[in-house]
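Survey of secondary and tertiary structure
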Amino acid sequence: MTPPSDSTRKFRLPTALYFWLLFPGMVGCSAGSALSPSPVTQLSFSAQSLPNAQMSSSYITALQISGGSPPYAVTFISGALPSGLTVSASGVITGTPGTIGTFTFTLNARDSASPAQTSTATFTLTVNPPPLTASTSTLPAAIAGSPYSQAIAISGGTAPYTFAIGSDSLPAGLSLSPAGLISGTPTAVVISVITVLVTDSSSTKLSVSVPVTINVVGAIVSVDSTITLAVVPQTAFGMHTSVYDAGLSDTTLLPALLQTGGITTLRYPGGVYSDNYHWAQNSITPWFASTAPACGVASNGYLAPNTDFGHFIKTLQATDTQAIITVNYGTSLGDSNGSRSLGSYGPNTCSEPFTSGQPQESAAWVAYANGSVTDTTFIGTDDVGFNWKTVGFWASLRAASPLAADDGYNFLRIGLLAPVGVKYWELGNEIFYNGYSNNQNYETDLHSPYVYTGGYSGSFGSRTGVSALSPASYGTNAVAFIQAMRAVDPSIKIGLDLSSPNVDPIPAIWNPAALNSVCTGANIDFGIFHYYPGNFNAVTAAQLFSRPQTDMPALVSGVKTQLATFCPGNASSVQFFITETGPNGSYVSGTPAQITGLYAMHEFLTAIEAGIINIDWLELHSGNYLVQGTEAPATAYYGIQLAHLLADVGDTLVSTTSTSKLLVSHATRKANGQRGILLLNSDPVNSATVQVSLSGNTLGTTATQYSYGVATTQSSGALTSNTFAVSGNSFIITLQPYTATVILTQ
């Protein structure tokens, strides 16, 4: 029989089989067990209130979902989330809100069941403004007497803000606007801390009390230690010495004093004496004399005991300094024997005049200082007929011990076999004062004779415009000196005497003419300036504190331009020395003695900043540096020591600016890692409260301070120090009138 088709036949399953198919896990249950499945709960967002967010602060919260079958998938339906926030599929809201306000949005949740359940809910999220915060605690300093305007910076809350003084009061002359601007012209120096009450414009009116510090100072000094001006060279701190200085041979006290003072270079034999002094005879040709007999008739100056070159070498060794030697350009020996006779101050100190300075005499000086005992190089016979023998002759004299019977050269027998190594040599002293320019005769120069009509008791004739005395003649004659000296020691450095325009009363033609002539035949290694600022014998402190920063750069830049024109072959390698400096004579009445030291300090640093590698103070025992006989330190000693404390050899001078002309500043990056700042209050009456700000570095926690001026007292050679706390990159300090201070920080 054919079975019926599916469409026509129906079968009824047995009850047990039907139950097993629906609930297989229930088979075998004991009688009486429940037979219905566990119910599935309704899917829903169990919490629809969200914690508030804060603008610009990170936010995270997880939505609370219950029921259904996890995991859930959350999707955004409508509305708007705050900018910066997102909702993930797992129901986590994260981000950093960037907008203030209340935001409503609808989300949908779907579970993992099949069929899936869904649930929709609407949420509200409030983003509050950030709290009011003061970005300003210390305002930039104000300067008494100068307009000031500075806003107080506030963040958070809801702008605009309203500002009011909460307690205390602003410095006189300043006021606070409702918009938070402190402005006006402060009238007096003061350090002020005030409380400012700030209220925002939100409905909740957030407010905060802000302590604000505002300093009114007399000047602001800014230091940029990333801008290098100069590195202090070994030769920088020098001292002029002279053969008339009875204290020059002091090898007991001088070494420690010069070391403390920072002196590394000694110039010899001394200014106007240089063009009359004969090193190998230790004698002097009389001033402005051309014909013999002049010794015992015309003055030839004073030679102090033990100031000859042999003793000077011992001073160099004891003080661990190097020499700058000024050779005799002006006068020769008196005869072929180098004879000496009675001079103004004793026997055997005078050489009769004959002719101008001789290159062989200078070359023999180099031989004595730097030569080898085995060097047979012949130096030659000069125009007087004196035989200057060989390099080895003079080196052997240096190496020898004194003879039992002095032949007149025992002062040169010092038992020193090794060369001294004198590197720097000057060709004469202030040759521009030889009478060529306006008959200004301060230096003896026998390249043209002195003509007397009534003997040495009278005056000599005018030398203005004499060709043999011209700058061109000086440059031409210098070539022979350079060649003779370098033939003995090619490693030495030789300098040419130059005038200081706008300081010396010498026509501007001198330097170009001299450079043009010398560079035609030889190269020079350095140019020599002498610097005496201020009105002659009426010098004011104001001149000394204002002139160097104008004069020094002009001196260097002017000669650099001339070198590029007349000496192009080595113009870039020529260096600059100031081998004499000091005030231009006496001061106006009432000037404190300490001004000399403060000026010396300022000039040394300004000159180095301008690119000058040697400055020689006039002079060692002048009474303003060391007192002859006692070696007591005087005003220039302390001023130069203060400059040395700021800027030792190898330290780097950096850029500074001052808002006050009366507040002079210098600064260094020191080789040992410290930072140095020097401040000089050149006001004769008023103290100066100064804010010092440094960029390019941060100050350490402690500063060491050295001071010198009318308000200080010195009890020893070394300046005393004190310490004070500093932090950040600025500090405030008060200086008394006519007082300088050096501050060293880590």
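Residues numbered from 1 in each chain as written. Predicted model: local features only at pLDDT ≥ 70, side-chain atom pairs only at ≥ 80, totals over all residues. Heavy atoms only, no water.

1. Things to note about the overall build of the protein chain
Keep this limit in mind: Secondary structure follows DSSP: runs of H or I at least 4 residues long count as helices, runs of E at least 2 residues long count as strands, and numbering of each begins at the N terminus. Here the globule rule reads 2.2 Å times residues to the power 0.38, and the radius of gyration is calculated from C-alpha atoms. Residue exposure (1.4 Å probe, protein chains only): buried if accessible area is under 20% of the type maximum, exposed if over 50%, otherwise partly exposed. What makes two residues a contact is simply this: any of their non-hydrogen atoms within 4.5 Å. Here the accessible surface of atoms and residues is derived via Shrake-Rupley with a 1.4 Å probe, and residues count as covered only by protein chains that are part of the display.
Looking only at helices and strands, the protein chain features eleven helices and 41 strands. For 746 residues, the compact-globule estimate of 2.2 N^0.38 gives 27 Å, and the C-alpha radius of gyration of the protein chain, at 45 Å, exceeds that figure by more than 25%. For the protein chain, the proportion of its 746 residues judged to be buried stands at 51%. A separation threshold of at least 6 residues defines the contact pool for the protein chain, and within that pool the share at least 24 residues apart is 71%. In the structure as shown, the protein chain presents an accessible area of about 30,900 Å², 54% of it carried by carbon and sulfur atoms.

2. Quick look at the sheet that holds strand β41 (residues 739-745)
Test applied: In this description, strands pair whenever DSSP reports at least two bridges between them. Orientation is described by axes fitted as lines to C-alpha atoms, over the contacting stretch for helices, and by angles from 0 to 180 degrees between their N-to-C directions.
If you trace the nine strands from one edge of the open sheet to the other, you get β39-β38-β41-β36-β35-β34-β19-β37-β40, paired in mixed fashion. Edge positions in the open sheet fall to β39 (721-725) and β40 (730-735), since each of these has one partner strand only. Pairwise comparison of adjacent strand axes, ignoring direction, gives a mean angle of 25° for this sheet. Pairing of strand β38 (residues 702-709) with β41, which is carried by seven bridges, proceeds in the antiparallel orientation. The residue bridging Y706 from the neighbouring strand is V742, located in β41. Where helix α11 (residues 635-646) meets the sheet, it contacts β34 (652-658), β35 (663-669), β36 (675-681), β38 and β41, and its direction lies at approximately 155° from that of β38.

3. Quick word on the state of the cysteines
Which entries qualify depends on this criterion: Cysteine sulfur atoms that pair up within 2.5 Å are treated as a disulfide.
Overall, the coordinates contain two disulfides when judged by the stated rule. In this model C295 forms its disulfide with C350; the gap between the sulfur atoms is 2.0 Å. Taking the sign of the S-S torsion, -85° for the link of C295 and C350, the bridge is left-handed. With a gap of 55 residues between them, C295 in the loop between β23 (283-284) and α3 (309-319) and C350 in strand β26 (residues 346-350) connect regions that are remote in the sequence. Across the disulfide, C519 is cross-linked to C567 (sulfur-sulfur distance 1.8 Å). Taking the torsion about the sulfur-sulfur bond, which here is approximately 85°, the covalent link between C519 and C567 counts as right-handed. Residue C519 is located in helix α7 (residues 510-521), and its partner C567 is located in the loop between α9 (548-566) and β30 (575-581); the two are separated by 48 residues in the primary sequence.

4. Remarks on the pattern of salt bridges
Applied cut-off: Any carboxyl oxygen of Asp or Glu that lies within 4 Å of a side-chain nitrogen of Lys or Arg is treated as forming a salt bridge with it.
Applying the stated criterion across every chain, the model contains six salt bridges. Across the pair R267 and E426 runs a salt bridge whose closest N-O atoms are separated by 2.7 Å. With R267 in strand β21 (residues 265-268) and E426 in strand β27 (residues 424-427), this residue pair connects regions lying 159 residues apart in the sequence. Classification of E426 as buried rests on a relative accessible area of 0%. A salt bridge links D551 to R547, with the nearest nitrogen and oxygen atoms 2.9 Å apart. Several salt bridges converge on common partners, so that one network encompasses R267, E426 and E580.

5. Description of the confidence of the model for the protein chain
The following threshold applies: Each residue carries a pLDDT score, the predictor's own confidence in it, on a scale running from 0 to 100.
Considering every residue of the protein chain, the mean pLDDT works out to 92; 95% of them sit at 70 or more. Note that pLDDT drops below 50 for residues 1-36; the model gives that stretch ten contacts with residues more than four away or on any other chain.

6. Quick notes on the sheet that holds strand β14 (residues 162-167)
One open sheet accounts for four strands, arranged β11-β18-β17-β14; its pairing is mixed. In the strand order of this sheet, the two ends are held by β11 (142-143) and β14, each with one partner. For strand β17 (residues 190-199) and strand β18 (residues 207-217), the ladder comprises ten bridges, and the chain directions are antiparallel. Looking across to β18, one finds that V198 is bridged to V208.

7. Focus on the pairing of β26
Relative to β26, strand β25 (residues 341-343) is paired through two bridges, and the arrangement is antiparallel. Within β26, the position partnered with S341 by the bridge is C350. Linking β25 back to β26 in an antiparallel pair, the connection comprises two residues.

8. Looking at the nonpolar core
Stated formally: To qualify as a nonpolar core, a set must consist of buried Ala, Val, Leu, Ile, Met, Phe, Trp, Tyr and Cys residues joined through side-chain atoms within 4.5 Å.
Formed by 129 residues in total, the largest nonpolar core has its most connected members in W279, W394, W425, L427, L496, Y625 and L642. With nine residues, the single largest contributor to this core is helix α10 (residues 594-609). The residues contacting W394, other than those within four sequence positions of it, are W279, A280, A364, A367, Y368, I379, W388 and L412.

9. Structural notes on the environment of T260
Within the element layout of this structure, T260 appears in helix α2 (residues 254-261). For T260, a relative accessible area of 32% translates into the label partly exposed. Along the sequence, T260 and L416 sit 156 residues apart, while their C-alpha atoms lie 27 Å from each other. If we ignore the near neighbours within four places in the chain, the residues touching T260 are Y637, Q641, H644, G717 and A718.

10. Overview of the side chain of D551
Position of D551 relative to the elements: it lies in helix α9. Excluding anything up to four places from it in sequence, D551 contacts V503 and Y531.

11. Brief notes about the packing of aromatic side chains
Condition: Each Phe, Tyr or Trp ring (for Trp, its six-membered ring) is paired with any other whose centre lies within 6.5 Å, and the angle between the two planes then decides the class: stacked below 30 degrees, edge-to-face above 60, tilted in between. Counted as over-ring charges are cases with an Arg CZ or a Lys NZ within 6 Å of the ring centre that also lie within 35 degrees of the ring normal.
All chains considered together, the criterion is met by 43 aromatic pairs. An angle of 70° between the planes, with centres 5.1 Å apart, marks the rings of Y273 and W287 as edge-to-face. With Y273 in the loop between β21 and β22 (277-278) and W287 in the loop between β23 and α3, this pair connects stretches of sequence that are 14 residues apart. Owing to a relative accessible area of 9%, Y273 belongs among the buried residues under this scheme. Overall, W287 belongs to the buried group, its relative accessible area being 19%. With centroids separated by 5.8 Å and ring planes inclined at 15°, the aromatic side chains of W279 and W365 adopt a geometry described as stacked. Taken together, the residues W279 in the loop between β22 and β23 and W365 in helix α4 (residues 359-370) connect sequence positions 86 residues apart. You'll find W279 and W365 in the same group, each marked buried. Members of the aromatic cluster, joined through ring pairs, are Y268, Y277, W279, F309, F312, W365, Y368, F386, W388, F393, W394 and W425. Positioned above the aromatic ring of F393 is the side chain of K389, whose terminal nitrogen or guanidinium carbon lies 5.0 Å from the ring centre. Directly above the ring of Y450 sits R463, whose terminal nitrogen or CZ lies 3.7 Å from the centroid.

12. Observations concerning the side chain of H666
Note on placement: H666 falls in strand β35. Residue H666 is classed as buried on the basis of its relative accessible area of 2%. Residues in contact with H666, not counting those within four places in the same chain, are H602, L605, T606, E609, L646, T656, G676, I677 and L678.

13. Points about the environment of S112
We count it as follows: Under this definition, polar contacts are N or O atom pairs within 3.5 Å; protein pairs additionally need one hydrogen-donor-capable and one acceptor-capable atom, and for neighbouring residues in sequence, both atoms have to be side-chain atoms.
Here S112 shows up in the loop between β8 (101-110) and β9 (118-128). The class of S112 is partly exposed, set by a relative accessible area of 41%. Along the backbone, S112 and P70 are 42 residues apart, and their C-alpha atoms lie at a distance of 5.7 Å. Once you skip the residues sitting within four places of it in the chain, S112 turns out to touch S69, P70 and P71. Only 2.4 Å separates the side chain of S112 from the backbone oxygen of P71, close enough to count as a polar contact.

14. Overview of α9
Note the following rule: An expected span of 1.5 Å times one less than the residue number is assigned to each helix. As used here, the arc belongs to the directions running from the helix axis to the C-beta atoms.
Look at α9: 27 Å from first C-alpha to last across 19 residues, which is about the 27 Å you get at 1.5 Å a residue. Among the residues of α9, P548, D551, M552, L555, V556, V559, Q562 and L563 are the ones counted as buried. Projected onto a plane normal to the axis of α9, the buried residues spread over an arc of 135° and lie on a single side. Opposite the buried face of α9, at more than 90 degrees from it, the exposed residues are T550, T561 and T565. Elements in contact with the buried residues of α9: α7, β29 (526-531), α8 (541-546), β30 and α10.

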